[in-house]
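The primary structure of each chain is shown beneath.
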Amino acid sequence: MDKVEEFEELRPLLFSIAYRILGSVSEAEDAVQETWLRFDRSTTAPTSAKAFLSATVTRVSIDVLRSARVRREEYVGSWLPEPLLNDPYQDPERSAELADSVSMAALLLLERLSPLERSVFVLREVFAFGFDEIAKAVGRSEAACRQLLVRARRHMEAGRPRFEADRQERQELAARFFDALRDGDVGALRGVLAADVQLVGDSGGKAPQLARAVSGADNVARLLASVFPLMARIDVTCEPHEVNGQPGAIFRARDGKILHILALDVLDGRIQAIRAVINPDKLGHLGPVTDVWAVDREVRQARRRSH
């Protein structure tokens, strides 16, 4: 294989590593592109293209994450990862680890780790790299990497998300949720929400905020039932779709463009968390994004007419 073929074969893996370290599709794609440029410029052929490229994309991602940290600290409101609809890397032997590690809940937990801890955790726990490969990737000794992993595991275990194992049950619960959402049925919504459910919206100050963090089944059900039927009235459509390996949906405006994304965490037959990504900057990789402010004005007008 020539360089281009070698790289393209490994691109899904490289993107999946970068996305888990960065929590951003656009930043992960940039890191993969930078990795290609460095690979293309290298004059000596590595003994293992996979080891060389994985180490390179990890180092690039660490550098990007360090600068991204500052921006995230200054972020307006709640920060959520950029939604990922399809993970390009698949490994049947590690499908459970891959699915859990890409969930919104797991990515938010990873935000608590330092860039080095996060990278070591991703390479070892998700992709099963050896400590010798990880040490080369992050520029630390194997002993230091083992220590970084111990610290990372401690942070992750404290809040590690657990999900409904049965995919069919998750999808059925999500279908009941979206039906109740469309109908504005408060009772039906309460019936699928955990008592301590949390609703979090990420607008980044660039879109109308669905709500600041709201918790409790009654509060969340009433808020959702007051908003979504009005959206349906102005031809906003709900398109169920897996988001970050969990049940979710893409909402589209009348023009067919993306309005926002909802992602659900499901456990013990109830929805534990609802995360709404509304910031248009985080949705552009999925397709054209609608004018969310115009939709918000229409919703307000529909509410006034209904009173």
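That block above? That's the structure.
Residues numbered from 1 in each chain as written. Predicted model: local features only at pLDDT ≥ 70, side-chain atom pairs only at ≥ 80, totals over all residues. Heavy atoms only, no water.

Colleague: Go over the overall build of the protein with me, naming the residues and quoting the values.
Modeller: Helix and strand counts for the protein stand at 12 helices and 6 strands. With the principal axes as the frame, the protein shows a C-alpha extent of 70 × 35 × 35 Å. Expressed as a percentage of the 307 residues in the protein, the buried residues total 51%. When the accessible area of the protein is evaluated, it comes to approximately 14,400 Å², of which 48% is carbon and sulfur surface. With 43 positive and 46 negative side-chain charges, the protein shows a separation of 5 Å between the mean positions of the two kinds. (Helix = DSSP H or I, 4+ residues; strand = E, 2+ residues; numbered from the N terminus. Buried < 20%, exposed > 50% of the residue type's maximum accessible area, 1.4 Å probe, protein only. Areas by Shrake-Rupley, 256 points an atom, 1.4 Å probe, with all protein chains shown as cover. Lys, Arg positive; Asp, Glu negative; His and termini not counted. Charge placed at Lys NZ, Arg CZ, Asp CG, Glu CD.)

Colleague: Go over the nonpolar core, please, and point to the residues and values.
Modeller: Counting residues in each nonpolar core, the largest one holds 48 residues, and the members touching the most others are I17, Y19 and F127. Here this core gets 10 residues from one element, more than from any other, and that element is helix α1 (residues 3-22). Not counting residues up to four positions away in its chain, the partners in contact with Y19 are S24, V25, A28, P81, E82, P83, L84, V102, L107 and N244. Within the second largest apolar cluster, 40 residues are counted, among which are L189, V197, L230 and I234. (Core = buried A, V, L, I, M, F, W, Y, C linked by side-chain atoms within 4.5 Å. Contact = heavy atoms within 4.5 Å.)

Colleague: Could you give an account of the side chain of S24, with specific residues and numbers?
Modeller: Turning to its location among the elements, S24 is positioned in the loop between α1 and α2 (25-41). Side chain to side chain, S24 and E82 meet in a polar contact 3.3 Å long. If near-sequence neighbours (up to four positions away) are discounted, S24 is found in contact with Y19, R72 and E82. (Polar contact = N/O pair within 3.5 Å; in protein donor to acceptor, adjacent residues only side chain to side chain.)

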